[in-house]
Structures are given as structure tokens and as C-alpha cells.
Amino acid sequence: MTPPHPPSRPLVSRAGRYLVIHEESFADAGLSSNVYVTEQDGKYYIFDASGSPDLLSYVEVTGIHRGYIAGVILTHGHYDHVRGLKSVAGLDLPVFISKKDEALMKSTVGKVSAKGFESPEGVAVLESLSLKAVATPGHTPGSTCFYSERDGLLISGDTVFPEGYFGRTDLPGGSDAEMLASLELVSKLDVETMLPGHDMPVLEHASESIRASLACAKSMLRP
Ligand SMILES: [Zn+2]
């Protein structure tokens, strides 16, 4: 649902080392995702690009100048998470996405050169942020969560949502069986803070929330 008066300033909050730009901020662009921004050694990394082709303006309003943005990391290739890449096109920033979702991303944003998480650059960037890429297919073939053991934090994309919800599996490339296996996998992680692609971040005891999503999925999906 689109609010009648889109906010002229982004709705922003904090989750540990991450700045949260809530999806409602981009409502004037239609369907969008949450955007998370974190900093390491003076460089800023953006997780998911929102559905707004004007993403950078929103990021800059939070006080982060575009010159300090060092890369964009994508949980998957759906348009509501990648369309904002159009606004960073002139910056020549590295973009990271699973190779399995690269074509899906390009179907929205055209020719963007992207690297996989296994590339030396991808490994180095994620390591610098104390994150590991966890392949979690099911919502899309290349859906990826990012886990920090140090921070007890999971960037969960459209795989896990709060309050027992999980990503839909009925879109092209979706799979019930893969979603169940992915939820099993992330439910074994020790997660305090969960940053989902939609809805509100879970700021404590997120593992409980993930286990609720797994239980719900087991009752709804076919293995
Ligand atoms: Zn999606």
C-alpha cells in the first residue's frame, strides 16, 4: 500500500552498525525494499538498492556523501531490490550479486557489471565487514543472506521476514523445497539482529523469529 503523502525525507533508524532506510521512504517509486548501509574504514556499503531510481538522493539525505560509497551488495535480483542501481550507474561502483541472479537483475537495470560473492573482490569486501555470504535459494535461485557471527546479525533479504513470515516461492525460479532447506540452514545460526528485505528489522532474539518462520514454512510448503 502506498501512503497518500510519501515522506520527503527518508525514514531512518539504527540497528547496531547498520543504518536502516525503511522501504516506506521509497514509496513514491512503487514497490521497494529496505536499504541497509554500513561503514568500515570510512567506506560505506549499501545492502539492496531499493526500487527507487533515485536511491542516492535518499542515501545522501542521511549525511553520507556519494563519494564515500564503496559498493552495493544485493540479496537477490528482484526489481524492488535492484532498480536503485540506476542511480549509482555513473559512480563506477562494484556491485555484488549471486551469479545465479545476475540475469534477473539485468532484466530490470540493463547492462551493469556485477561480481559474484566468490570473486576475490566479493570475498574481501564481505570479510572486511565480518560477513559471510550464505546461499539461500527458494525465493529466487540466487537469493543470499549475509551473516556476521561477530555481530550475531543476519541480512535476510526476502528469505526470512519477522513474525513467522518467509519469502514467496511462487515467482519464477522459486522453490518450496529450496526455501525449506534454506530456512533450516539459517535457523541453525545464532542470530540476535535480523535485517529483512521488507518489514521491520528484528533487534533482539531474531533466532526465535527465524525458527517461527521455519515452523510456518513446514506447515505451508511442500518439501
Ligand atoms: Zn524478492
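Residues numbered from 1 in each chain as written. Predicted model: local features only at pLDDT ≥ 70, side-chain atom pairs only at ≥ 80, totals over all residues.

1. Regarding the overall build of the chain
Heads up, the condition is: Here a strand is any run of E in DSSP of at least two residues, a helix any run of H or I of at least four, and the numbering for each starts at the N terminus. All radius of gyration figures rest on C-alpha atoms, and the globule criterion is 2.2 Å times the number of residues raised to 0.38. Buried means a residue has 20 or more other C-beta atoms within 10 Å of its own C-beta, exposed means 12 or fewer, and partly exposed covers the counts in between; C-beta atoms are placed from the backbone. Any two residues are considered in contact once their C-beta atoms, placed from the backbone, lie within 7 Å.
The helix and strand inventory of the chain stands at 7 helices and 11 strands. Its C-alpha radius of gyration of 16 Å places the chain within 12% of the 17 Å reference for a compact globule of 223 residues. For the chain, the spread of C-alpha atoms along the principal axes amounts to about 45 × 45 × 35 Å. Buried residues in the chain amount to 46% of all 223 residues. Within the chain, counting contacts between residues at least 6 apart in sequence, those at least 24 apart form 57% of the total.

2. A look at the pairing of strand β11 (residues 193-196)
As a reminder of what qualifies: By convention, a crossover is right-handed whenever its connection, traced from the first strand over the helix to the second and viewed with the strands pointing away, goes clockwise.
Residue alternation in β11 divides its side chains into two sets, Thr193 and Leu195 and Met194 and Pro196, and both sets are buried. Tracing the backbone out of strand β10 (residues 153-157), into helix α6 (residues 176-187) and back to the parallel element β11 gives a crossover that is right-handed.

3. Considering the environment of serine 25
Relative to the helices and strands, serine 25 is located in the loop between β2 (18-21) and β3 (35-40). Taking C-alpha positions, serine 25 is 27 Å from alanine 103, a pair spaced 78 residues apart along the chain.

4. Some words on the pairing of strand β9 (residues 144-148)
Rules: Note: two strands are recorded as paired if DSSP finds a minimum of 2 bridges between them.
Of all 5 residues that make up β9, 5 are buried, and the element is covered over most of its length. The alternating pattern of β9 places Thr144, Phe146 and Ser148 on one face and Cys145 and Tyr147 on the opposite face, and all of these are buried. Across 4 bridges, strand β8 (residues 132-135) lies against β9 in antiparallel orientation. What sits directly across from lysine 132, in β9, is tyrosine 147. Of the pairings in the sheet, the one linking β9 to β10 comprises 3 bridges and is antiparallel in character. Bridge pairing in β10 links serine 148 to leucine 153.

5. Thoughts on the nonpolar core
The criterion, for reference: Here a nonpolar core is just a set of buried residues of the types Ala, Val, Leu, Ile, Met, Phe, Trp, Tyr and Cys, joined wherever their C-beta atoms sit within 7 Å.
In terms of nonpolar packing, the biggest core is built from 54 residues, with Val72, Leu74, Phe96, Leu154, Leu183 and Met194 touching the most fellow members. Setting aside residues up to four positions removed in sequence, valine 72 forms contacts with Ile46, Ala49, Leu85, Val88, Leu93 and Val95.

6. Topic: the sheet that holds β8
Definition in use: The angle between two axes is taken between their N-to-C directions and runs from 0 to 180 degrees, where each axis is a line fitted to C-alpha atoms and a helix contributes only its stretch in contact.
An order of β8-β9-β10-β11 is seen for the 4 strands of this open sheet, with the pairing classed as mixed. The open sheet has two edge strands with one neighbour each: β8 and β11. Looking at each pair of strands side by side, their axes are set apart by 20° on average, direction ignored.

7. Examining unusual backbone geometry
For aspartate 92, which is not a glycine, the phi torsion comes out positive at approximately 55°. By secondary structure assignment, the location of aspartate 92 is in the loop between α3 (85-88) and β6 (95-96). If you check the backbone angles, glutamate 163 has positive phi at about 60° while not being a glycine. Counting through the fold element by element, glutamate 163 comes out in the loop between β10 and α6. Note on glutamate 163: 11 C-beta atoms within 10 Å, which makes it exposed.

8. With respect to the sheet that holds strand β4 (residues 43-47)
Pairing is mixed in the open sheet, where 7 strands are placed in the order β1-β2-β3-β4-β5-β6-β7. The open sheet has two free edges, formed respectively by β1 (12-15) and β7 (114-115), since each of these has just one partner strand. Pairing geometry for β2 and β3, over 4 bridges, is antiparallel. Paired with isoleucine 21 across the strands is valine 35, a residue of β3.

9. Some remarks on the packing of α6 against helix α7 (residues 206-220)
Here is the rule we go by: By the definition adopted for this analysis, an angle is roughly parallel if under 35 degrees, roughly antiparallel if over 145, roughly perpendicular if from 65 to 115, and oblique otherwise. Each helix crossing is assigned a hand: it is left-handed if the near helix lies turned anticlockwise from the far helix by less than a right angle, otherwise right-handed if that turn is clockwise. Residue polarity is assigned by list, with Asp, Glu, Lys and Arg as charged and Ala, Val, Leu, Ile, Met, Phe, Trp, Tyr, Cys and Pro as nonpolar; anything else, Gly included, falls into the polar class.
It is at 9 Å that the axes of α6 and α7 come closest, and there the two elements cross at 155°. Considering their axes alone, α6 and α7 lie roughly antiparallel with respect to each other. Our pair here, α6 against α7, has a crossing hand that is left-handed. Each of Met179, Leu180, Leu183, Glu184, Val186 and Ser187 in α6 lies in contact with α7, whose residues at this interface are Ile210, Arg211, Ser213, Leu214, Ala217 and Lys218. A class-by-class count of the residues in the contact of α6 with α7 yields 7 nonpolar, 2 polar and 3 charged.

10. Here's the deal with the confidence of the model for the chain
Keep in mind that low pLDDT regions are not for reading the predicted coordinates in detail. The test is simple: pLDDT gives the predictor's per-residue confidence on a scale running from 0 to 100.
The predicted model of the chain has a mean per-residue pLDDT of 94, with 96% of residues at 70 or higher. Considering only residues more than four positions removed or in separate chains, one finds that residues 1-7, a stretch of pLDDT under 50, has 7 contacts.

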